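Survey of secondary and tertiary structure
Below, each chain spelled out in residue letters.
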Amino acid sequence: MVIDTRNSSILPRKGGLLKIHQELAGYTGGDASFLKEDFEIQLNKTLFWDSVLSASLWGGLLLPIGDKPTSIADRFYLGGPTSIRGFSMYSMGPQSEGDYLGGEGYWAGGLHLYTPLPFRPGRGGFGDLFRTHFFLNAGNLCNLNYGEGPQAHLKKLAECIRWSYGLGIVLRLGNIARLELNYCIPMGVQSGDRSDSREAFFCVFLGGLICERQALGRTLMAVTIEDLYRSYGVLADASKDNLSQHKDAYQVILDGVKGGPKEKRLAAQFIPKFFSSFPELADAAINAQLDLCEDEDVSIRRQAIKELPRFATGENILRVADILTQLLQTDDTAEFNQVNAALISIFKIDAKGTLGGLFSQILQGEDIVRERAIKFLSAKLKTLPEDVMTKEVEEYVFAETKKVLEDVTGEEFVLLMRVVSGLRVLQTVNGRQQLVELVVEQAFLEQALNPADPDTVDRLLQCTRQALPLFSKNVHSTRFVTYFCEHVLPNLSTLTSPVAELDIQLEVLKLLAEMSPFCGDMEKLEANLNMLFTKLLEFMPLPPEEVENGENSANEEPKLQFSYVECLLFGFHQLGKKLPDFLLDKVDAERLKDFKIRLQYFARGLQVYIRQLRVALQGKTGDALKTEENKIKVVALKITNNINVLIKDLFHNPPSFKSTVTLSWKPVQKTEAVAAKRPSGEEMGSGGSTKKQISPQPRRDARQIYNPPSGKYSATIGNFNYEQRGGFRGGRGRGFGARGNRSRGRIY
């Protein structure tokens, strides 16, 4: 209800205004249920010397209905040039973490004196558009406990009153608006209130139809909460066929991004809701939402990001995916999770379009964006259902990944290989072969190895690790095995480790051993077998010479490096199957004799150590085998048993290559491997009975045969996960190559 007897709504000289507004929500359902009432009274009277006295009073109450609490969007707000001057817009009352929550009850009043300019310059013409302005404003805002009664409410509203006074000049702009330049002194400022200064400040505002708050005046003022709800109501009530006719209402919602925190939050929700109905404003709407995604207030950013997928339609999908990918660089955990969720949701709308945005940023975006986009693909693609990750989509992923792999760091290479290795379209023999080819390109197997360069060694290790799971009886490891035999083994002792704590020689030998069962036809099989044979001799020492009294000539027995020998013997055994006559026809008699002497000495020491390990583990099961010490002994027993089996094959005449063993660092398949049964005579060789507990220290007669190796077994044997130790040293520019200059900055 409005009763207006004023002669002007801009600078009235006489008359009054009575305005009562009531709002009932929740009567027909919905998520809000309340009764809201507010009023406005204004009286104007002309005094002496053409001066005008104006008094105003506003007030309102918000009563929740039922158990539903009131929403911040429905509450009242105070502060700013249209209510209490000297305070920032809507910056009074209850707040949380810097956000003003509004109140359920308020009052505000003002007393204004408008006089002509001193000495009346320009009287009867331009000068009559200006007035001198003296004012006093006051008011309060709070939440109410409706169980306390009216007196308690009035008392609460009378506490901690904010007020201000000042003077200024008013310029009337016809009957449309007015411009004020005021000198304000805010008083009664409470903790949390925002004023530009606790003493004074200048304020300029446009107040077109301030009391009426008509649409025309709104074009000259910031959009308010009321404006946004009014425009939302217009659009929500319009029929689908007539919705596009209310372009002005949607523009008001777009302008909400320039308002305060409350207006921005509402705009973030309202803009996407009607986005599809105004295609001519599509760019403006996306840009407005994007501005909210970059707001300083993290809660506004989260709300805007949450709604971004609603813009992902048609040709906009690529742009939205590109924007969300760039937003992955946030350091706020909740916001980062919100971006991830938004990306997943648009994947289900258009997977290929979403991938286009992701790969665009991987190839051209900033380093932090590229890194997080690759990690997103590595972690999330495997979780998407088959109806999203279709054959066409997976082929697109593979094609784009190959482009990225042209220039990557070690860590990126590992992550991207996880992405493509998990694609269903590549689970066939042909698909696995394509993946191996991809790794071969990264490994630079056509180049000679520089053992002194840790990055070169790092690249080879990483690539081999990625290729290993792909090898099978149909997908061969021939090129990798050949490269290791021709370039790595000859330089084994001079390899530079990319990681300080990594035993680089053992790591290389383990990789070679794991690959060797999948080696196909090899052009230089004899030469490669000869290299393996030569390297094996280096790690299998001759027995020590004895002097006349039977003592060893040296102070120390040769150390038997079981871990190295297991790898080399296994690799030699696997390749030997392809040329079973190698030891008889390709190795001269003198060298073969030397090899057998070494084998015999190694085997004798091996039996002693196996016997000691069996006794040490006898009767231990369950948790007893899980101690660090016993874990080491279990692995050591596996190693020595493997070597024992392989040596027996080589002692056959002719040598046999029929036995099969599981490499010691592979997962334990059966617990029987550590059972404490009494070994047979054949297993014990020439060793004595096991009935007597064997001392950790060797007996005098055993010293001449064997000393247990020192420092060759550790708590990490067989379990060292090199892949987790990071990427290639130096990143792009070293290791996997320099990525060159890429564009920087936002590419929305």
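Refer to the structure presented above.
Rules behind the numbers
Residues numbered from 1 in each chain as written. Predicted model: local features only at pLDDT ≥ 70, side-chain atom pairs only at ≥ 80, totals over all residues. Heavy atoms only, no water. Helix = DSSP H or I, 4+ residues; strand = E, 2+ residues; numbered from the N terminus. Buried < 20%, exposed > 50% of the residue type's maximum accessible area, 1.4 Å probe, protein only. Contact = heavy atoms within 4.5 Å. Areas by Shrake-Rupley, 256 points an atom, 1.4 Å probe, with all protein chains shown as cover. Salt bridge = Lys/Arg side-chain N within 4 Å of Asp/Glu carboxyl O. Polar contact = N/O pair within 3.5 Å; in protein donor to acceptor, adjacent residues only side chain to side chain. Core = buried A, V, L, I, M, F, W, Y, C linked by side-chain atoms within 4.5 Å. Phe/Tyr/Trp six-rings, centres within 6.5 Å; stacked < 30°, edge-to-face > 60°. Pairing = 2+ DSSP bridges. Expected span 1.5 Å × (residues − 1). Axes fitted to C-alpha atoms, helices over the stretch in contact; angles between N-to-C directions. Left-handed = near helix turned anticlockwise from the far one by under 90°. Nonpolar A, V, L, I, M, F, W, Y, C, P; charged D, E, K, R; others polar. Patch = residues over 30% accessible without salt bridge, like charges linked within 9 Å, V, L, I, M, F, W, Y side chains within 5 Å. Parallel < 35°, antiparallel > 145°, perpendicular 65-115°, else oblique.

Scanning the protein chain from N- to C-terminus turns up 24 helices and 11 strands. Residue burial in the protein chain is summarised as follows: out of 748 residues, 49% are buried. The contacts in the protein chain between residues at least 6 apart in sequence include a share of 70% that link residues at least 24 apart. Summed over its atoms, the accessible surface of the protein chain is roughly 36,500 Å², and 52% of this surface lies on carbon and sulfur atoms.

This part covers the pattern of salt bridges. For the structure on display, the rule yields 29 salt bridges. In this structure, the salt-bridge partner of Asp 4 is Arg 6, at a minimum N-O distance of 2.9 Å. When its relative accessible area of 10% is taken as the criterion, Arg 6 is described as buried. For Asp 332, the salt bridge identified is with Arg 302, shortest N-O distance 3.2 Å.

Further remarks concern the side chain of Arg 598. Inspection of the secondary structure puts Arg 598 in helix 21 (residues 589-617). Among residues more than four places away in sequence, those in contact with Arg 598 are Leu 537, Met 540, Pro 541 and Leu 542.

Bringing the side chain of Asn 140 into the picture now. Along the polypeptide, Asn 140 turns up in strand 8 (residues 130-142). From its side chain, Asn 140 meets the backbone oxygen of Glu 159 in a polar contact 2.5 Å long. Here Asn 140 is in contact with Leu 78, Gly 105, Tyr 106, Trp 107, Lys 156, Leu 157, Ala 158, Glu 159, Cys 160 and Arg 162, once residues within four sequence places are set aside.

Moving on: the nonpolar core. Counting 159 residues, the largest nonpolar core has Tyr 250, Ile 271, Leu 324 and Phe 595 as the members making the most contacts within it. Considering every element that reaches this core, the biggest residue donor is helix 21, with 11 residues. If you look at the next biggest cluster of nonpolar residues, it comprises 13 residues, including Phe 34, Trp 58, Leu 78 and Tyr 106.

Moving on to the packing of aromatic side chains. Within the structure shown, the criterion is met by 19 aromatic pairs. Each ring, one from Phe 539 and one from Tyr 564, has its centre 5.0 Å from the other, and the planes form 15°; the classification is stacked. You can see Phe 539 sitting in the loop between helix 18 (525-538) and helix 19 (562-576) and its partner Tyr 564 sitting in helix 19, a full 25 residues away along the chain. For Tyr 564, a relative accessible area of 8% gives the class buried.

Burial runs high along strand 8: 10 of the 13 residues are buried. When strand 7 (residues 105-115) meets strand 8, the two strands line up antiparallel, connected through 11 bridges. Considered in strand 8, the bridge of Leu 111 is made with Leu 136.

Another point: helix 6 (residues 282-293). Its 12 residues place the ends of helix 6 16 Å apart at the C-alpha level, agreeing with the 16 Å of an ideal helix rising 1.5 Å per residue. Within helix 6, burial applies to Ala 282, Ala 285, Ile 286, Ala 288, Gln 289, Leu 290, Leu 292 and Cys 293. In this fold, the buried residues of helix 6 make contact with helix 4 (247-255), helix 5 (261-273), helix 7 (298-307), helix 8 (316-327) and helix 9 (333-347).

For the rest of this paragraph, the subject is the packing of helix 21 against helix 22 (residues 628-651). Interaxial distance between helix 21 and helix 22 falls to 9 Å at its minimum, and their mutual angle equals 145°. As for the relative orientation of helix 21 and helix 22, their crossing is left-handed in sense. Looking at the contact of helix 21 with helix 22 residue by residue, the classes come out as 17 nonpolar, six polar and three charged.

Let's shift gears to a nonpolar patch on the surface. A surface patch of nonpolar side chains, amounting to about 890 Å² of accessible area, comprises Leu 47, Phe 48, Trp 49, Leu 53, Leu 111, Leu 136, Ile 161, Trp 163 and Tyr 165. Position of Ile 161 relative to the elements: it lies in the loop between helix 1 (150-158) and strand 9 (162-173). Residue Ile 161 is classed as partly exposed on the basis of its relative accessible area of 32%.

Here 13 bridges tie strand 3 (residues 34-46) to strand 4 (residues 52-64), and the two strands are oriented antiparallel to one another. Bridging from a neighbouring strand, Phe 39 pairs with Gly 59 of strand 4. In sequence, strand 3 turns back onto strand 4 through a hairpin of five residues, with Trp 49 there showing a positive phi of about 55°. Across 10 bridges, strand 4 lies against strand 7 in antiparallel orientation. Directly across from Gly 59, in strand 7, lies its bridge partner Trp 107.

With that settled, consider the environment of Pro 454. Residue position: Pro 454 is located in helix 15 (residues 454-467). Note on Pro 454: relative accessible area 11%, which makes it buried. In this structure the C-alpha to C-alpha distance between Pro 454 and Val 499, which are 45 residues apart in sequence, comes to 8.5 Å.

So, on to unusual backbone geometry. That bond from Asn 653 to Pro 654 is cis: its omega, 0°, falls within 30 degrees of zero. Secondary-structure assignment places Pro 654 in the loop between helix 22 and helix 23 (681-684). Positive phi is not limited to glycine here, since Trp 49 has a value of about 55°. Of note, Trp 49 is situated in the loop between strand 3 and strand 4. In this structure, Cys 160 is a non-glycine residue whose phi angle is positive, near 50°. If you trace the backbone, Cys 160 turns up in the loop between helix 1 and strand 9.

Over its 12 residues, helix 17 (residues 504-515) runs 17 Å from end to end, which matches the ideal 16 Å to within 8%, given 1.5 Å per residue. When we look at burial in helix 17, the residues that qualify are Ile 504, Leu 506, Glu 507, Val 508, Leu 509, Lys 510, Leu 511, Leu 512, Ala 513, Glu 514 and Met 515. For helix 17, the secondary structure elements touched by its buried residues are helix 15, helix 16 (478-488), helix 18 and helix 19.

To continue, consider the environment of Leu 381. On the secondary structure map, Leu 381 appears in the loop between helix 11 (367-380) and helix 12 (391-404). When the C-alpha positions of Leu 381 and Ile 344 are compared, they lie 9.1 Å apart, and in sequence the two are 37 residues distant. Dropping the residues within four chain positions of it, Leu 381 is found in contact with Phe 347, Leu 355, Phe 376, Met 389, Val 397 and Val 419.

Attention now goes to the packing of helix 12 against helix 13 (residues 410-421). Axis separation between helix 12 and helix 13 bottoms out at 10 Å; the angle between their running directions is 160°. With respect to helix 13, the axis of helix 12 lies roughly antiparallel. The chirality of how helix 12 crosses helix 13 is left-handed. Listed contacts from helix 13 to Val 397, Phe 398, Thr 401 and Val 404 of helix 12 are Leu 416, Val 419 and Val 420. Within the contact of helix 12 with helix 13, the residues separate by chemical class into six nonpolar, one polar and no charged.

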